[in-house]
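Here is what each chain is made of, one letter per residue.
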Amino acid sequence: MWVVRINEAIAAAEQREREKRQGEERRPPTPDWIMEFGIGVGQRPIEVHVGGCYAARKRQRPITREQAVAALNEGIRACIHCRPDTELGVL
């Protein structure tokens, strides 16, 4: 009786590990640059982040390097935590 329960627990743990690995393999790559947007109608851009920044919130979209440089030159704030302006050479 215990052997059956132990085998079921092992099989369940192995299944969870397989699913975790598959999820990691299928996850899209982290973007190099992120634009964070405000709340409400029109959602204006409010901050530029380096991809993977822990301070970026949910309202974000990946952007290209050129878009990040243009946004910083237009006066959109650079994140004070990941410092995309330093990474891009825009001071």
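Keep in mind it's a predicted model, so treat the numbers as computed, not measured.

Caption draft 1: Local environment of the overall build of the chain. Within the chain one finds three helices and four strands. When the helices and strands of the chain are read in sequence order from the N terminus, they spell out α-β-β-β-α-β-α. Here the chain has a C-alpha radius of gyration of 21 Å; the compact-globule value for 91 residues is 12 Å, and the former is much larger. The principal-axis extents of the C-alpha atoms in the chain amount to approximately 70 × 30 × 20 Å. Of all 91 residues assigned to the chain, the portion counted as buried reaches 27%. Within the chain, contacts between residues separated by at least 24 positions form 45% of all contacts whose residues are at least 6 apart in sequence. Accessible surface, the chain as shown: approximately 7100 Å² in total, 53% of it carbon and sulfur.

Caption draft 2: Geometry of helix α2 (residues 65–73). Buried within α2 are the following residues: Ala68, Ala71 and Leu72. Considered in projection along α2, the buried side chains sweep an arc of 95° and stay on one side of the axis. α2 presents Glu66 and Asn73 as exposed residues on the side facing more than 90 degrees away from its buried surface. Where the residues of α2 are buried, they touch β1 (33–37), β2 (45–50), β3 (60–63), β4 (77–78) and α3 (84–88). In the segment just after α2, glycine 75 is the residue with positive phi, at about 100°.

Caption draft 3: Inspection of the pattern of salt bridges at higher detail. If you walk through the whole model with that rule in mind, you get three salt bridges. Across the pair glutamate 36 and arginine 57 runs a salt bridge, and its minimum N-O distance is 3.5 Å. Taken together, the residues glutamate 36 in strand β1 and arginine 57 in the loop between β2 and β3 connect sequence positions 21 residues apart. Taking the shortest distance from any N to any O, the salt bridge between arginine 77 and glutamate 47 comes out at 3.1 Å. With arginine 77 in strand β4 and glutamate 47 in strand β2, the pair connects residues that are 30 residues apart, well separated along the chain. Among the residues examined, arginine 77 registers a relative accessible area of 49% and is labelled partly exposed. Taking the relative accessible area as the measure of exposure, glutamate 47 reaches 11% and is therefore buried.

Criteria and cut-off values
- Sequence order sets the numbering: in each chain, residues are counted from 1 along the sequence as written.
- Since the coordinates come from a predicted model, pLDDT governs what is reported: local features require at least 70, and pairs of side-chain atoms require 80 or more to be given and counted, while whole-chain, interface and lining totals use all residues.
- Neither water nor hydrogens contribute to the side-chain values; these are computed over all heavy atoms in the structure.
- Strands are runs of DSSP state E lasting at least 2 residues, helices are runs of H or I lasting at least 4, and numbering of each runs from the N terminus.
- The reference for a compact globule is 2.2 Å times residues^0.38; the radius of gyration itself is calculated from the C-alpha atoms.
- Partly exposed residues are those whose accessible area sits between 20% and 50% of the maximum for their type, while under 20% is buried and over 50% is exposed, using a 1.4 Å probe and protein chains only.
- By definition in these notes, contact holds between two residues if any of their heavy atoms fall within 4.5 Å.
- Throughout, the Shrake-Rupley method with a 1.4 Å probe supplies accessible areas, and for residues the shown protein chains are the sole cover considered.
- Taking the helix axis as origin, the arc is that swept by the directions to the C-beta atoms.
- Whenever Lys or Arg places a side-chain nitrogen within 4 Å of a carboxyl oxygen from Asp or Glu, that contact is recorded as a salt bridge.

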